[in-house]
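Tertiary structure, described
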Amino acid sequence: MELTHSDVKAAAQRVSGLVRPVVVAQADQAGELWFALEFLQHTGSFKARGALNFLLAHRENGTLPRAGVTIASGGNAGLACAWAARSQGIPATVFLPTTAPRVKVDRLDSYGADVRLVGTQYADALAASREFADTTGALLSHAYDHPLIAAGAGTLMTEIRERISDLGAVVVAVGGGGLFSGVATAADHYGVRTVAAEPARCRALHAAIAAGKVVDVEVDSVAADSLGARRASELALAAARHYDVASVLVEDAAIVAARRELWEERRIAVEHGAATAAAAILGDEPAFRPRPGQRVCVVLCGANTDPSDLAGSDGRHAD
């Protein structure tokens, strides 16, 4: 199983006009730091791209069953799957761990998905979704570990490259690695370096790179609801090996601080997963330091969060 730039190009053709083109914003006066505001995407995260590409490809191939589609998710992939399924007129059954944020469960309900809460971790929901697919004939989708899902995510990089000239690096948060592998594949085609940012206590890709193979890791991070994969995909590890990639880790305190800084200084409210990418480059001691003059884009990949915790410690929103 491998991913090529041709896969990303095919995905871009499928989803063209059906997803929202990414908006980029200059984040400093010199024009060296940019944000890709992908949280403005349908369903509030980049996941809509891969979910739609997955279903459209199956429709093209005549392999989209009447039983619909099923997926396990920490929230964002389930939202995207439900949205894409609704657009294709098929049912979606989404399995989530009981720890999933209520805001994501409520939004799934609004998309008409059959929501089922199972276990306390993503792996529990994944096992349940596989059993459901086996017994009902529903199409089994995946939050990140599928070439069609990753290729759809990679379309984001194609759009970023069209909007930012002379881009040197792109920073993405990594959970299981769907966004990372898609973006890294496209970025390499354009000669752009990919920076893979993970929570220090949620480091599936970083551990796989160190071990030379995918391995299970402990999941214990403030960003675990969206980045809480126990293991990275083979696609992600292959991308890390073959392309110009920097793998960096950030502490939870830095993630929380970056999320708050995005809100207080820029009025951008994102989830902790998106803030993980920002944390890699913001702060006094960033995990990734660009070369002087290097133009960098940070992907703010999702905003399915409860913004009430961004209020000041006295209970009032920051002025």
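Since we're looking at a predicted model, the values are computed, not measured.

Considering the packing of aromatic side chains
Here the structure, examined in full by the defined rule, presents 1 aromatic pair. Note that R267 overlies the ring of W263, its terminal NZ or CZ placed 4.2 Å from the centroid.

With respect to the nonpolar core
Formed by 68 residues in total, the largest nonpolar core has its most connected members in I160, L179, F180, V298, V299 and L300. When sequence neighbours within four positions are dropped, the list of residues in contact with L179 reads F46, A153, L156, V172, A173, V299 and C301. Listed in part, the 41 residues of the second largest apolar core include L56, I90, A128 and I149.

With respect to the pairing of strand 4 (residues 92-96)
Counting buried positions over the 5 residues of strand 4 gives 5, a clear majority of the element. Both faces of strand 4 are covered, namely the face carrying A92, V94 and L96 and the face carrying T93 and F95. Judged from the 4 bridges that link them, strand 3 (residues 69-72) and strand 4 form a sheet pairing that is parallel. When the sheet's bridge partners are listed, I71 is paired in strand 4 with V94. For the crossover from strand 4 across helix 4 (residues 102-110) to strand 5 (residues 114-117), the handedness is right-handed.

Conventions and cut-offs
Throughout this document, residue positions are counted from 1 along each chain, in the order its sequence is written. In view of the model being predicted, local features appear only for residues whose pLDDT reaches at least 70, and side-chain atom pairs are presented and counted only at 80 or more, with totals across whole chains, interfaces and linings using the full set of residues. Excluded from the side-chain calculation are hydrogens and water; included are all heavy atoms of the structure. We call Phe, Tyr and Trp rings a pair once their centres come within 6.5 Å, taking the six-membered ring for Trp, and we label the pair stacked below 30 degrees between planes, edge-to-face above 60, and tilted otherwise. The criterion is that NZ of a Lys, or CZ of an Arg, lies within 6 Å of the ring centre and within 35 degrees of the ring normal, and then a charge sits over that ring. Side-chain atoms within 4.5 Å link the members of a nonpolar core, which is a set of buried Ala, Val, Leu, Ile, Met, Phe, Trp, Tyr and Cys residues. Three exposure classes are used, based on accessible area relative to the maximum for each residue type with a 1.4 Å probe and protein chains only: buried under 20%, partly exposed in between, and exposed over 50%. The contact rule is simple, with two residues in contact once any of their heavy atoms fall within 4.5 Å. Helical segments are the DSSP runs of H or I of at least four residues, strand segments are the runs of E of at least two, and each set is numbered from the N terminus. Should DSSP find at least two bridges between two strands, the strands are taken to pair. Seen with its strands pointing away from the viewer, a crossover is right-handed when the path leading from the first strand over the helix to the second is clockwise.

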